[in-house]
Amino acid sequence: MTNEVELSGRLTRDPEERVLPSGDRVVGLRLSVPHARAAATGGNWVDCALWTVRTQKSALAWQQGDEVWVQGGLQRRFYRTRGVPQFLLEVVVSRARLVRRARSA
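Here the residue numbers are simple positions, counted from 1 along each chain's written sequence. Note on the predicted model: pLDDT of at least 70 is required for a residue's local features to be given, and 80 or more for side-chain atom pairs to be given and counted; whole-chain, interface and lining totals, by contrast, use all residues. Side-chain figures throughout are based on the complete set of non-hydrogen atoms in the structure, without hydrogens or water.

Draft legend 1. View of the nonpolar core. Residues L7, L29, L31, C48 and V70 are the most contacted members of the largest nonpolar core, which totals 15 residues. Going along the chain from the N terminus, every DSSP run of H or I of four or more residues is numbered as a helix, and every run of E of two or more is numbered as a strand. The leading source of residues in this core is strand β3 (residues 25-33), at four residues. Put simply, a nonpolar core is a bunch of buried Ala, Val, Leu, Ile, Met, Phe, Trp, Tyr and Cys residues held in one set by side-chain atoms that sit within 4.5 Å of each other. In this scheme, a residue with accessible area under 20% of its type's maximum is buried, one over 50% is exposed, and one in between is partly exposed, where area comes from a 1.4 Å probe on protein chains only.

So, in structure tokens, the structure goes:
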């Protein structure tokens, strides 16, 4: 079995860097990924987490609307919000690159 994901899509917002209570840094992306019925449903979005300095440095220069490519593994993360259990399905990115800049307004 393998857990490998490869996606190409547009950023729905600028990348966001967060510092965790542990002191670790993570950069989050939300990627809009087209699919066969995108016209009817508006497409899908996928959350991505970048943990390595190399991928983070690249991603922090990107902006909403840029087309990017990511590769990594799918992860289900559990956490609590106000005592209520929650989960998030995200791609933990190992490689990423800018494909095309967003068109200027």
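After that view, the rundown keeps rolling.
Draft legend 2. Seen up close, the layout of surface pockets. Only protein atoms enter the 1 Å grid used here. Points where a 1.4 Å probe fits but cannot escape make up a cavity, open sets with protein on both sides within 12 Å along at least five of seven lines make up a pocket, and a residue lines them when an atom lies within 4 Å of a point. Grid points are joined across faces, edges and corners, and a volume is the space filled by probe spheres set on the points. There is about 260 Å³ of room inside the largest pocket. If you trace the largest pocket, you find 16 residues lining it, with R18, G28, C48, R77 and E90 closest to the centre. Looking at the lining of the largest pocket, the elements that each hand over two or more residues are β2 (16-19), β3, β4 (44-50) and β6 (84-100). Counting residues per element, the lining of the largest pocket draws most heavily on β3, which supplies five residues.

Draft legend 3. Quick look at the pattern of salt bridges. By definition here, a salt bridge exists when the distance from a side-chain nitrogen of Lys or Arg to a carboxyl oxygen of Asp or Glu is within 4 Å. Tallying each qualifying case throughout the model produces seven salt bridges. Between R101 and D66 there is a salt bridge, and its shortest N-O distance comes to 2.8 Å. A residue pair is termed long-range when its members are at least 10 positions apart, and R101 in the segment after β6 and D66 in the loop between α2 (53-59) and β5 (67-81) qualify at 35 residues. You can call R101 partly exposed: its relative accessible area is 41%.

Draft legend 4. Broad picture of the environment of G73. Counting through the fold element by element, G73 comes out in strand β5. G73 sits 70 residues away from N3 along the chain, and the two C-alpha atoms are 5.3 Å apart. In this structure G73 touches N3, V5, E90, V91 and V92, once residues within four positions along its chain are discounted. What makes two residues a contact is simply this: any of their non-hydrogen atoms within 4.5 Å.

Draft legend 5. Representation of unusual backbone geometry within the structure. A positive phi angle is found at R82, which is not glycine, with a value near 50°. Along the chain, R82 turns up in the loop between β5 and β6.

Draft legend 6. Broad picture of the side chain of Q56. Its location among the elements puts Q56 in helix α2. Overall, the relative accessible area of 6% leaves Q56 in the buried class. If near-sequence neighbours (up to four positions away) are discounted, Q56 is found in contact with R25, V26, V27, L50 and W51.

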